[in-house]
Every structure is written in structure tokens, then in C-alpha cells.
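Spelled out, the chains give:
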Amino acid sequence: MSRGGVRKDRSQGPERRCIVTRASAPAADLIRFVVGPGDEVVPDISERLPGRGMWVSSDPDVLADASSRGAFARAARHQVRVPEDLPAKVEGLLARHLIETLALARKAGRAVAGLEKTRTALESGSAALLVQAADGSPRERAALRPPDGPETLLDCLFADEMGMAFGRDRVIHAALLSGGLAEKAAREGRRLAGLRRGTARRPIETRAAGDVAGEGSRMKG
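1. A short note on the overall build of the chain
Inference 1: For the chain, the helix and strand inventory stands at seven helices and nine strands.
Inference 2: A sequence separation of at least 24 residues applies to 70% of the contacts in the chain between residues at least 6 apart.
Inference 3: Accessible area for the chain stands at about 10900 Å²; split by element, carbon and sulfur atoms hold 48% of it.

Okay, here's the thing in C-alpha cells:
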């Protein structure tokens, strides 16, 4: 465990092999898919769906190749139907899961938002993760440092997405306190960050997940 309560070496744990690159990697770096009804490829973000899992690296180029070059059919050993919007669907699901995890942490008293509350959590040593909006200004982001190095910085959500979790329009800074929800967020964030590598702005709509936060104050964090 790191000082903040998140495993510092998240490379530990079971490994899976990507059906595109054929390289093995920790499951936290890959996304599981199964063949669902109608032989359609279905992302299994929670890794609970029945069926033989097909694992793909959380990388936009690799996922695009899996969708367009027959990798799922080869892995399933029969013809399957791959939705045209599969990469966007996966990204949306990952973002939604992460927003929901942040919302749960907020409701459980395990997350705070706003510059001063986040700073206090970091300075007290109770923060396991620093969460910052990907579209926050460099000056805003530089105001705070993650509790235990880059591994404890989560910066793959945009300000309005973070706002969904905290019942606000936009949030720039937040912190998750040590515990299981922080570890869950770190794992989910790792996958989403991989898919959003090089993304300058959110290309898809995740507003459907906004109800996880409920109605709250409309303050900028």
C-alpha cells in the first residue's frame, strides 16, 4: 500500500493477453469483452458478464484495430457483430463508471471537491488520490500535487464530468480518501486514461450518468 491507501504498484495482480497485440499485461490495463445476444460484442467493464472473456488493451489505436480487423471473430472462433460505435461506447462506459465511483465516494464521505478542501485533504495525509480535470488550466492544476507521486494522480475526466459526481456544473480539484473506493477509482481511471490518451476534449456525451450525483450546489470547484 502507498501512504494514501492505494496500491503503489498496480502492476500486481492477474495478467491477461490482448487479442490484438498478443502481449500480456495486468488486467487493470485491459478491457474485457464477451459475445452477447445476437453474437454482438459487448464490453464488460465490471468483468461480471458470463462467457469467455476477450481482452483488449486500453489504447485507442488497439481498440480501433480490434473493432475493424476481425480480432474479436478470431478470439471467439466464429463470426460476431461489432458495433460501429464500439470505441465510443467503451469510453462512455468507462467514464460513467468512474463518475459513479466518485459520486459514491462523495456520498460516503470519502471524497471532497474544491481547491481548499482538496488541499486540506492532501496536507493532512488523508488523501489517497488527487483528481484533477483534464481541461483545467496548467496554472490551476499546478496548485496541488498528488499525495504519493504520479501514480496517485487521476486526470482523465473533464471538469463537467467531475461536476456530475459532485452535483456541480464544473469541478477542477477533488480528492479521494483512502479505502476501497479510492482503489476502485484508480483502476477505472487507469483504463479511461489509456483510451483518452492524446484527447484534447471530450468527444462523447456522458451526461446520462449525471443522475448519480443528484441535484446539488452549482459551484465551481
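2. Here's the deal with the sheet that holds strand β7 (residues 127-132)
Inference 1: Across the sheet, four strands lie side by side as β6-β9-β7-β8; this open sheet has mixed pairing. In this open sheet, the two strands that pair with only one neighbour each are β6 (111-113) and β8 (153-154).

3. Quick notes on the confidence of the model for the chain
Inference 1: Mean pLDDT over the chain stands at 87; residues scoring 70 or higher make up 83%.
Inference 2: Across residues 6-11, where pLDDT falls below 50, the model places 19 contacts with residues more than four positions away in sequence or in other chains.
Inference 3: Note on residues 207-221: pLDDT is under 50 here. Beyond four places in sequence and across chains, it has 37 contacts.

4. Considering unusual backbone geometry
Inference 1: Notably, D39 is not glycine yet its phi reads approximately 60°, a positive angle.
Inference 2: With a phi close to 65°, R77 is a non-glycine residue in the positive phi region.
Inference 3: You can see R77 is positioned in the loop between α2 (71-76) and α3 (86-107).
Inference 4: In this structure R77 comes out as exposed when scored by relative accessible area, which is 73%.

5. Observations regarding α3
Inference 1: Here α3 is 22 residues long and its end C-alpha atoms lie 31 Å apart, about the 32 Å a rise of 1.5 Å per residue gives.
Inference 2: Of the residues one or two after α3, G109 is the one with positive phi, at around 75°.

6. Describing the pattern of salt bridges
Two side chains carrying opposite charge are able to pair once their charged atoms lie near each other.
Inference 1: Tallying each qualifying case throughout the model produces 14 salt bridges.
Inference 2: With a shortest N-O distance of 2.5 Å, R32 and D44 are connected by a salt bridge. Linking R32 in strand β3 (residues 30-35) with D44 in the loop between β4 (41-43) and β5 (54-57), this pair joins segments that are twelve residues apart in sequence. As far as burial versus exposure is concerned, R32 and D44 are alike and both buried.
Inference 3: R197 is the partner of D59 in a salt bridge, and the nearest nitrogen-oxygen pair spans 2.8 Å. Linking D59 in the loop between β5 and α1 (60-68) with R197 in the segment after α7 (180-195), this pair joins segments that are 138 residues apart in sequence.
Inference 4: Note on R197: relative accessible area 44%, which makes it partly exposed.
Inference 5: Three or more residues joined by partner-sharing salt bridges are found here, namely E47, R187 and R191.

7. Describing the environment of P14
Inference 1: Secondary-structure assignment places P14 in the segment before β1 (15-17).
Inference 2: Judged by relative accessible area, which is 53%, P14 ranks as exposed.
Inference 3: When the C-alpha positions of P14 and S24 are compared, they lie 9.9 Å apart, and in sequence the two are ten residues distant.
Inference 4: Here P14 is in contact with A25, P26 and A27, once residues within four sequence places are set aside.

8. Concerning α7
Inference 1: The end-to-end C-alpha distance of α7 is 23 Å, a good match for the 22 Å that 16 residues give at a rise of 1.5 Å each.
Inference 2: Every buried residue of α7 is listed here: A182, E183, A185, A186, E188, G189, R191, L192, G194 and L195.

The rules we used
- Residues numbered from 1 in each chain as written.
- Predicted model: local features only at pLDDT ≥ 70, side-chain atom pairs only at ≥ 80, totals over all residues.
- Heavy atoms only, no water.
- Helix = DSSP H or I, 4+ residues; strand = E, 2+ residues; numbered from the N terminus.
- Contact = heavy atoms within 4.5 Å.
- Areas by Shrake-Rupley, 256 points an atom, 1.4 Å probe, with all protein chains shown as cover.
- Pairing = 2+ DSSP bridges.
- pLDDT = per-residue confidence, 0-100.
- Buried < 20%, exposed > 50% of the residue type's maximum accessible area, 1.4 Å probe, protein only.
- Expected span 1.5 Å × (residues − 1).
- Salt bridge = Lys/Arg side-chain N within 4 Å of Asp/Glu carboxyl O.

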